[in-house]
Amino acid sequence: MTPSFRNIAAALVAVAAVGLFPASASAQAEQQKLVNAADVTLSNFLRDPEMTWLQNNIGNAKAVLIAPEIVKAGFIFGGSGGRAVLLAKEGGKWRGPAFYTMATGSVGFQAGVSVSEMITLVMTEKALNSMLSANFKMGGDASVAAGPVGAGAKSNVVADMIAFTRAKGVYGGVNLDGTLVNLTDDWNKAYYGKPVLPPDILIKGSVSNKGANKLLADVAKAAGAK
């Protein structure tokens, strides 16, 4: 990564975490709002006839990363950013969420799209292990591909992560190569009432929040969990 891109990416992370998605004094309320929004996003994708590949393959995913709102910040080098929640399946049970921010210094969205919602299926252990760290780069630590939609829904896609986006009726995959995904420790701490790491949330299941029960149940149902 070049110094200039590193600086741009760092700025985008700050914008995504502070400017575009400001933290509130009532942090847990903000977090619950994001969890609720993620459930709405999941429902949108599961009801969308253009998203049959995602609907048919979510059961094969190791984890699901949901970003209810990705904003294309054209005033900052054409970058994009947003908050996301990660849910993971361990021992047949879905756990989470863990909170992250996403930022990229290169736009892969379709022209004219300023706000979109996104779901990324984490298909391999390699990708999930990368996401358990404090930060990682998509396409560097694990491969990422745009998911097929509509007529291409029967395409065979092989990648560690497969991303889908929706925005005002515009469908498609998104180029997430180079996207920086950073753990937001303060949000995880506030939501669970103590300092926690992603393995505590997603693998060990040593913490939970009943506010996430509906989202977890909906993901489990979509994935075919009993």
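For the structure itself, consult the block above.
So, a few notes on the structure that sits alongside this text.

Scoring rules and cut-offs
- Residues numbered from 1 in each chain as written.
- Predicted model: local features only at pLDDT ≥ 70, side-chain atom pairs only at ≥ 80, totals over all residues.
- Heavy atoms only, no water.
- Helix = DSSP H or I, 4+ residues; strand = E, 2+ residues; numbered from the N terminus.
- Buried < 20%, exposed > 50% of the residue type's maximum accessible area, 1.4 Å probe, protein only.
- Contact = heavy atoms within 4.5 Å.
- Phe/Tyr/Trp six-rings, centres within 6.5 Å; stacked < 30°, edge-to-face > 60°.
- Lys NZ or Arg CZ within 6 Å of the ring centre and 35° of its normal.
- 1 Å grid on protein atoms, 1.4 Å probe; cavity = no way out; pocket = protein on both sides within 12 Å on 5 of 7 lines; lining within 4 Å.
- Points joined across faces, edges and corners; volume = space filled by probe spheres on them.
- Core = buried A, V, L, I, M, F, W, Y, C linked by side-chain atoms within 4.5 Å.

Along the backbone of the protein chain there are 7 helices and 9 strands. Burial statistics for the protein chain: of 226 residues in total, 52% are counted as buried. Counted over contacts in the protein chain with a minimum sequence separation of 6, partners at least 24 positions apart contribute 70%.

Here leucine 87 is to be found in strand S2 (residues 79-90). Once residues lying within four places of it in the same chain are set aside, the contact partners of leucine 87 are Ala63, Val64, Ile66, Trp94, Arg95, Gly96, Pro97, Leu202, Leu215, Leu216 and Val219.

Under the criterion given, the structure shown has 4 aromatic pairs. Here the guanidinium or amino end of arginine 83 rests over the ring plane of tryptophan 187, the centre of that ring lying 3.9 Å away. Positioned above the aromatic ring of phenylalanine 45, the side-chain terminus of arginine 166 is 5.9 Å from the ring centre.

Its volume calculated, the second largest pocket comes out at about 150 Å³. Along the walls of the second largest pocket sit Lys93, Trp94, Arg95, Gly96, Ile201, Gly205, Val207, Ser208, Asn209, Asn213 and Leu216, which together make up its complete lining. It is strand S3 (residues 93-104) that contributes the most residues to the lining of the second largest pocket, 4 residues altogether.

Grouped together as the largest cluster of nonpolar side chains are 62 residues, with contacts concentrated most on Ile66, Met102, Leu121, Met138, Met161 and Leu215. A per-element tally of this core places strand S1 (residues 63-73) first, with 6 residues. Not counting chain neighbours up to four residues away, the residues in contact with methionine 161 comprise Thr120, Leu121, Val122, Ala127, Met131, Phe136, Met138, Ala142, Ser143, Val144 and Ala145.

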